[in-house]
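Next come the chains, spelled out residue by residue.
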Amino acid sequence: MSSRTVTARATHVLRHSAPLQVGVVIGFWLAGEGIVRLFGLPLPGGIVGLVIVLALLASRRVRTRSMRRGAQWLLADMLLFFVPAVLAVLDHQELLGLTGLKILAVILVSTVSVMITTAFTVDRCYRWRADHAGSAPH
Amino acid sequence: MPDPLLIDSALRILLWSAVTVGFYWGAKQIYRRWPRWWLSPLLVTPVLIAAVVLALHASYRDYIGGTHWLVLLLGPATVAFAIPIYEQRGLIRRHWPVLLIGMLVGSGTSVLTSWALATLAGLDGALRLSLLPRSISTPFAMEVSGDIGGIPDLTAVFVVITGIAGAAMGDIILARVPIASALARGALFGVGAHGAGTARAAQIGETEGAVAGLVMVLVGLLNVLAAPLVAQLLR
């Protein structure tokens, strides 16, 4: 078997295996972490990995097909990865009393304000641009 | 004879991971049948796990020791956003000024309302400062919290509460206030509730998920860049 057919086979297998693609995504994350450590960047490694993958996709060195299934698999159950972090509340008993209720109220009211102002701003600007570009918003 | 300590930690990982994944899976099935905000898996799962942790007289340290690998997967999940962001590049290229304005307004609202409401509630000092970066994703938020004189550990807890509350409240807001464009729906979740909100947005639609993911990343960067300025203003 020539090296070309080996590469073609490997590409074929990669395009159809979600677990392998998750491995590829993890590889890019590790690369991001490595770069962050090496240069002492004040950024999370995942963000650097994301920028690397975007750059490779944009320069067409990597195709979305070689990561799409793996990425979907990771994103579909991303909420699960947050669950253990929530339990940190157990270590902060001081948050369980009145202070906790106050903080909860601040967070709830502030978050609703952020969501409504953001959505309205984007929606308005979107329509304004659509109207001024001469096409109707959809 | 293998090291008993090694067996202990292996058992811990197996037990707590099984409890976490099992409850999450169950909560997801329930939410699929009855999609109410108070049945959201991100709300139900931690409550069930906390009950087990407390019933077994275990501590948060025991629990996180067995499940830290799940939290680490947030890193690869961040990288995974490259795919939907790239696939939606046309939309993003067309609408980046709109998204930028939305991010600035949303981030400003977050910092100002947190500060004002905390003052109103009589919270001050490091506690109030720890609340300011809570609407951006954890790694960024902890960085900003340290920069402006907050307690990064506490900020991490507030970030998670914001994420759960935001993912649930986003649904309630969308059910009551009609937001026509997928762009605005995605921005709502990405700016308001970082990763947890983005995960929820990705379930609503592919465009919403891509916009939320992009906005989450950019708003985090924006805040890290603005933190020294905010620190100056607070002094």
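See above for the structure.
Conventions adopted
- Residues numbered from 1 in each chain as written.
- Chains lettered and ligands numbered in written order.
- Predicted model: local features only at pLDDT ≥ 70, side-chain atom pairs only at ≥ 80, totals over all residues.
- Heavy atoms only, no water.
- Helix = DSSP H or I, 4+ residues; strand = E, 2+ residues; numbered from the N terminus.
- Buried < 20%, exposed > 50% of the residue type's maximum accessible area, 1.4 Å probe, protein only.
- Contact = heavy atoms within 4.5 Å.
- Buried area = accessible area lost by both parts, 1.4 Å probe.
- Salt bridge = Lys/Arg side-chain N within 4 Å of Asp/Glu carboxyl O.
- Polar contact = N/O pair within 3.5 Å; in protein donor to acceptor, adjacent residues only side chain to side chain.
- Phe/Tyr/Trp six-rings, centres within 6.5 Å; stacked < 30°, edge-to-face > 60°.
- Lys NZ or Arg CZ within 6 Å of the ring centre and 35° of its normal.

A. The arrangement of the environment of B:Thr109 in detail. Residues and elements named next belong to chain B. In this fold, Thr109 is placed in helix α6 (residues 89-120). Relative accessible area serves as the criterion here: at 14%, Thr109 is assigned to the buried category. C-alpha separation for the pair Thr109 and Ala121, spaced 12 residues apart in sequence, amounts to 18 Å.

B. Molecular detail of the interface of chain A and chain B. Facing the 67 residues of chain A at the interface are 88 residues of chain B. Both faces combined, the contact of chain A with chain B buries some 7200 Å², and carbon together with sulfur accounts for 82% of it. Viewed at the interface, chain B and chain A are joined by 3 salt bridges. Viewed at the interface, chain B and chain A are joined by 13 residue pairs in polar contact (both at pLDDT 80 or more). Elements with a contribution of two residues or more to the side of chain A that touches chain B: α2 (18-39), α3 (45-58), α4 (68-76), α5 (78-86) and α6 (98-132) of chain A. Ranked by the residues each element gives to the side of chain A that touches chain B, the list is headed by α6(A), at 26 residues.

C. Main features of the packing of aromatic side chains. Residue and element names in this part refer to chain B. Throughout the structure, instances matching the rule amount to 1 aromatic pair over all chains. Ring centres of Trp16 and Tyr63 lie 5.5 Å apart, and the angle between their planes is 75 degrees; this geometry places the pair in the edge-to-face category. Taken as a pair, Trp16 in helix α1 (residues 4-33) and Tyr63 in helix α3 (residues 60-72) lie far apart in primary sequence, 47 residues in all. For the pair Trp16 and Tyr63, one class covers both residues: buried. Lying across the ring of Tyr86, Arg89 places its NZ or CZ 4.0 Å from the centre. Its guanidinium or amino end placed over the ring of Trp115, Arg128 lies 3.7 Å from that ring's centre, counting from NZ or CZ.

Remember that the coordinates give geometry; whether it matters functionally is a separate question.
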